[in-house]
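Coordinate analysis (summary)
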Amino acid sequence: MSRNEEKWLREYAEKSGESLEKLIRRREAGEPLQYILGEWEFYGYNFKVGKGVLIPRPETEFLVDLAKEYCVRGAPVFDLCAGSGCVGIAIAKETHRSSVIAVEKSPRAIEYLKKNIALNKVEKQVHIIECNIFNRYKIRDQFFQTLKKNCALASIVMNPPYLSKSEMQSLQKEVTHEPEEALYGGGEDGLDFYRNFFDKWNVKHNPLFACEVGDEQAAAVCEIMENKGLSPKVLKDYSGIDRIVYTLKS
Ligand code: GLN
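This one's a predicted model, so the numbers in the text were calculated from it and none came from an experiment. (Residues numbered from 1 in each chain as written. Predicted model: local features only at pLDDT ≥ 70, side-chain atom pairs only at ≥ 80, totals over all residues. Heavy atoms only, no water.)

**Notes on unusual backbone geometry**
Positive phi, normally seen in glycine, also occurs at Cys-81, with a value near 60 degrees. Within the element layout of this structure, Cys-81 appears in the loop between β3 (77-80) and α5 (86-95). Backbone geometry places Lys-121, a non-glycine residue, at a positive phi of 55 degrees. Position of Lys-121 relative to the elements: it lies in the loop between α6 (107-119) and β5 (126-130). (Helix = DSSP H or I, 4+ residues; strand = E, 2+ residues; numbered from the N terminus.)

This is the structure in structure tokens:
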């Protein structure tokens with residue numbers, strides 16, 4: 001455990017009245033610091049996190065940057081696989097007027113999503129659809145009922161599960177505490193999620209489509225998209241790794 005982590009645990013123990021020794025023991029047993037603290041920062045905003053929801057990562061912030069740059073002001077945004085809601089909520093905060101539709105299937109993640117909408121005071125901007133993202137018709141109907149608009153007008157951002165089978169077998173201890181459904185993308189190579197996604201969703205007419213991809217997956221995801229007639233671009237993360245694949249309406 002780093003000095004910094006110990007400092008955070010000490011501050012948290014003072015604030016919460018919990019025993020510092022117990023907190024350190026949890027941390028040393030491999031529980032993620034973020035779950036112990038119960039809150040983590042993403043794009044300068046705080047998000048409640050805990051068992052059952054993916055911890056926001058800094059590289060995911062590029063999805064928010066793209067949305068800020070390319071979303072038509074006031075036009076709706078889909079945050080697919082919303083999890084804690086960090087991406088969609090940060091977009092709502094940063095772009096002020098956008099209506100964000102957060103789609104999430106896990107009841108446990110939705111509890112956090114609701115708390116984070118309240119914590120960041122975006123109740124009027126962020127709406128939840130509790131649904132598997134492959135259930136296109138339910139999403140389309142609920143989107144229309146909520147916003148009285150056509151789905152094609154919305155920009156789409158998504159940080160899906162994408163780890164491969166071998167990555168799942170060699171996870172860092174902390175990551176094993178996070179939900180498998182938010183990590184494993186399916187298939188040997190972890191790309192099944194994207195394959196299914198582009199089979200079901202036609203994103204050609206949406207102003208922006210942007211998704212996060214795993215280390216060394218960008219080329220394969222671009223190929224899947226090109227086979228659907230899309231012209232993807234790639235954005236690097238803070239470590240210089242190809243991390244975001246996106247398309248703009250031509
Ligand atoms: N969108 C959420 C995040 O970026 C959750 C993503 C997921 O569950 N795969 O943290």
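**Quick word on helix α10 (residues 192-200)**
Within α10, burial applies to Phe-193, Tyr-194, Phe-197 and Phe-198. Summarising the axial view, the buried residues of α10 lie within an arc of 120 degrees, below the 170-degree limit, and thus occupy one face. Close packing links the buried residues of α10 with β3, β6 (155-158), β7 (208-212) and α11 (218-226). (Buried < 20%, exposed > 50% of the residue type's maximum accessible area, 1.4 Å probe, protein only. Arc of directions from axis to C-beta. Contact = heavy atoms within 4.5 Å.)

**Some words on the sheet that holds strand β8 (residues 233-236)**
Overall, mixed pairing links the seven strands, which are arranged β5-β4-β3-β6-β7-β9-β8 in an open sheet. The sheet is open, and its two edges are formed by β5 and β8, each paired on a single side. When strand polarity is set aside, the average angle formed by the axes of neighbouring strands in this sheet is 20 degrees. Relative to β5, helix α7 (residues 136-147) is tilted by about 150 degrees, and along the sheet it contacts β3, β4 (100-104) and β5. Contacts between α11 and the sheet are confined to β7, β8 and β9 (242-248), with β9 contributing the most and set at about 20 degrees to the helix. (Pairing = 2+ DSSP bridges. Axes fitted to C-alpha atoms, helices over the stretch in contact; angles between N-to-C directions.)

**Observations regarding the site of the ligand**
The immediate surroundings of the ligand are formed by Leu-54, Thr-60, Cys-81, Ala-82, Gly-83, Cys-86, Val-87, Asn-159, Pro-160, Pro-161 and Ala-182. Between the ligand and Asn-159, the relevant distance is 2.8 Å, taken from an oxygen atom to a side-chain nitrogen or oxygen of the residue. When the ligand is considered free in solution it has 300 Å² of accessible area, and contact with the protein chains removes 97% of it. The cavity where the ligand resides is the second largest pocket. Its residues placed into classes, the shell around the ligand shows eight nonpolar, three polar and no charged. (Near = heavy atom within 4 Å. Polar contact = N/O pair within 3.5 Å; in protein donor to acceptor, adjacent residues only side chain to side chain. Areas by Shrake-Rupley, 256 points an atom, 1.4 Å probe, with all protein chains shown as cover. 1 Å grid on protein atoms, 1.4 Å probe; cavity = no way out; pocket = protein on both sides within 12 Å on 5 of 7 lines; lining within 4 Å. Sits in = over half its atoms within 2 Å of the grid points. Nonpolar A, V, L, I, M, F, W, Y, C, P; charged D, E, K, R; others polar.)

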